[in-house]
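Chains, contacts and geometry: an overview
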Amino acid sequence: MQVAVRCFATLRELAVDRTQLTLPEGASLDDAWTALAVSYPGLTPHRAYVRGARNGAYAAWEAQLADGDEVAFLPPVSGGGPSGLTDAEIDVAALEAAVAGTGHGALVTFIGRARDLADDGRAVLELEYEAYGEMAESVLAEIVTQAEERWPGSSVAVVHRVGPVPVGEAAVAIVTAAMHRSDAYEANRFVIEAIKERLPIWKRERFADGSEWKRPGA
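Residues numbered from 1 in each chain as written. Predicted model: local features only at pLDDT ≥ 70, side-chain atom pairs only at ≥ 80, totals over all residues. Heavy atoms only, no water.

What about the overall build of the protein?
Threshold: For helices the rule is a DSSP run of H or I covering at least 4 residues; for strands it is a run of E covering at least 2, with both sets numbered from the N terminus onward. Radius of gyration here is computed from C-alpha atoms only, and the compact-globule reference equals 2.2 Å multiplied by the residue count raised to the power 0.38. Each accessible area value is a Shrake-Rupley result obtained with a 1.4 Å probe; residue values ignore everything except the protein chains displayed when judging cover.
Along the backbone of the protein there are 5 helices and 13 strands. Computed over the C-alpha atoms, the radius of gyration of the protein is 19 Å, within 12% of the 17 Å expected from 2.2 N^0.38 for a compact globule of 218 residues. The principal-axis extent of the C-alpha atoms belonging to the protein is close to 60 × 40 × 25 Å. Surface exposure of the protein reaches about 10400 Å², of which carbon and sulfur atoms provide 50%.

This is the structure we're talking about:
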């Protein structure tokens, strides 16, 4: 059977952006990774850090594949109301206006900005974000739904940049509105932590002498 394969961020640079694999019937996601690593041995040390996806949803390594499936291999992920991805500057005021109802006594806005200094002290010229777009949109929508269900009566909007992000501009903006400030704060923290854990998006820091993908093992 034939399956389509996609790789992202460091895995794409070690292997390939898109390719096709011929696998035996009954092959698993792990079998697809093993077959890809035969052609691109540089992938092998990253296996412990990688998550797999099948047809736009995270999947277990033992998940069985079918002819025509699309699988993706994702390194560790970084970081609607109108929620989603954008390659343009984020309009924070529009997000706030979209979720702030008259019954909301609290509005909390978190903005993650591109800073000019890396953790190791090197000067950063700009950031670049790469996402598995189709999957990222659905994961963001899922995170927003979970936040609004966990804090009833709240409204949530979140937008994440993709592509180059100049120093000083917003890379992600999260706005949460609720009747009480505790709910608005807690929902906002939930969203950013869920993004850091689950959103298939990766950050590259660009320096004068090169660039580097963030996160150990990525």
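That covers the picture; the talk isn't over yet.
What about the pattern of salt bridges?
Put simply, the rule is: Within this document, salt bridges are pairs made up of a side-chain nitrogen of Lys or Arg and a carboxyl oxygen of Asp or Glu, the two lying within 4 Å of each other. To sort residues, take the accessible area from a 1.4 Å probe on protein chains only and compare it with the maximum for the residue type: under 20% means buried, over 50% means exposed, and anything in between is partly exposed.
All chains considered together, the criterion is met by 13 salt bridges. For Glu130, the salt bridge is made with Arg12, and the minimal N-O distance between the two is 2.4 Å. Judged by relative accessible area, Glu130 falls into the buried class, the value being 12%. Under the relative-accessibility criterion, Arg12 is labelled partly exposed at 25%. Between Asp120 and Arg122 there is a salt bridge, with its nearest N and O atoms 2.8 Å apart.

Looking at the nonpolar core
Here is the rule: Throughout this description, the term nonpolar core refers to a set of buried Ala, Val, Leu, Ile, Met, Phe, Trp, Tyr and Cys residues connected via side-chain atoms within 4.5 Å. We call two residues in contact whenever any of their non-hydrogen atoms come within 4.5 Å of each other.
Counting 38 residues, the largest nonpolar core has Leu74, Tyr132, Val158, Val191 and Ile195 as the members making the most contacts within it. Contributing elements (two or more residues each) for this core: β5 (70–74), β8 (126–131), α4 (133–150), β9 (155–161), β11 (170–178), α5 (181–198) and β12 (201–207). In contact with Tyr132, not counting residues within four places along its chain, are Arg6, Phe8, Ala53, Gly56, Glu70, Ala72, Leu74, Pro200 and Trp202. Formed by 21 residues, the second largest nonpolar core is a distinct cluster that contains Val5, Leu21, Ala32 and Val50.

Points about the pairing of β5
How we decide: The criterion for strand pairing is that DSSP finds at least two bridges linking the strands in question.
The element β5 is extensively covered by neighbouring structure, given that 4 of its 5 residues are classed as buried. Note: strand β1 (residues 2–7) against β5, 4 bridges, orientation parallel. Counted as the bridge partner of Ala4 is Glu70 from β5. Both strand β3 (residues 51–54) and β5 contribute to a ladder of 4 bridges, which runs antiparallel. Directly across from Arg54, in β5, lies its bridge partner Val71.

Here's the deal with helix α3 (residues 92–99)
In an α-helix, one turn spans 3.6 residues, which is why side chains three or four residues apart end up on the same side. This is how it is decided: What the arc covers is the set of directions going from the helix axis to the C-beta atoms.
Inspection of α3 places Val92, Leu95 and Val99 among the buried residues, and these make up the whole buried set. Burial along α3 is one-sided: seen end-on, the buried residues are contained in an arc of 60°. More than 90 degrees from the buried face of α3, the exposed residues found are Ala93 and Ala97. Against β7 (106–113), β9 and β11 lie the buried residues of α3.

What about the sheet that holds strand β10 (residues 163–166)?
Rule in force here: Fitting a line to C-alpha atoms yields each axis, with helices limited to the stretch in contact; the angle taken between N-to-C directions then spans 0 to 180 degrees.
One open sheet accounts for 4 strands, arranged β10-β8-β12-β13; its pairing is antiparallel. Two strands in the sheet have a free side with no partner beyond their single neighbour: β10 and β13 (210–213). Neighbour-to-neighbour, the strand axes of this sheet turn through a mean angle of 25°, independent of strand direction. Where β8 and β12 come together, 6 bridges link them in antiparallel fashion. Residue pairing for β12: Glu126 is matched across the bridge by Arg206.

A look at α5
For the record, the criterion: The span one expects for a helix is its residue count, reduced by one, times 1.5 Å.
For α5, with 18 residues, the first-to-last C-alpha span of 26 Å sits near the 26 Å given by 1.5 Å per residue. All of the buried residues in α5 are Ala184, Ala187, Asn188, Phe190, Val191, Ile192, Ala194, Ile195 and Arg198. On the buried face of α5, the contacting elements are β4 (57–59), β7, α4, β9 and β11.

Some remarks on the environment of Ala97
Counting through the fold element by element, Ala97 comes out in helix α3. It is 9.6 Å that separates the C-alpha atoms of Ala97 and Val175, two residues lying 78 residues apart in sequence.

As for the packing of aromatic side chains
Spelled out, the test is: Stacked, tilted and edge-to-face are the three classes assigned to paired rings of Phe, Tyr and Trp, where Trp is represented by its six-membered ring and a pair needs centres within 6.5 Å; plane angles under 30 degrees give stacked, over 60 edge-to-face, the rest tilted.
Within the structure shown, the criterion is met by 6 aromatic pairs. Measuring from centroid to centroid gives 5.2 Å for Trp33 and Phe73, while their planes differ by 75°, and the two rings are edge-to-face. In this pair, Trp33 sits in helix α2 (residues 29–39) while Phe73 sits in strand β5, placing the two residues 40 residues apart along the sequence. Judged by its relative accessible area of 0%, Phe73 is buried. Each ring, one from Trp61 and one from Phe73, has its centre 6.0 Å from the other, and the planes form 10°; the classification is stacked. Here Phe73 lies in strand β5 and Trp61 lies in the loop between β4 and β5, a separation of 12 residues in the sequence.

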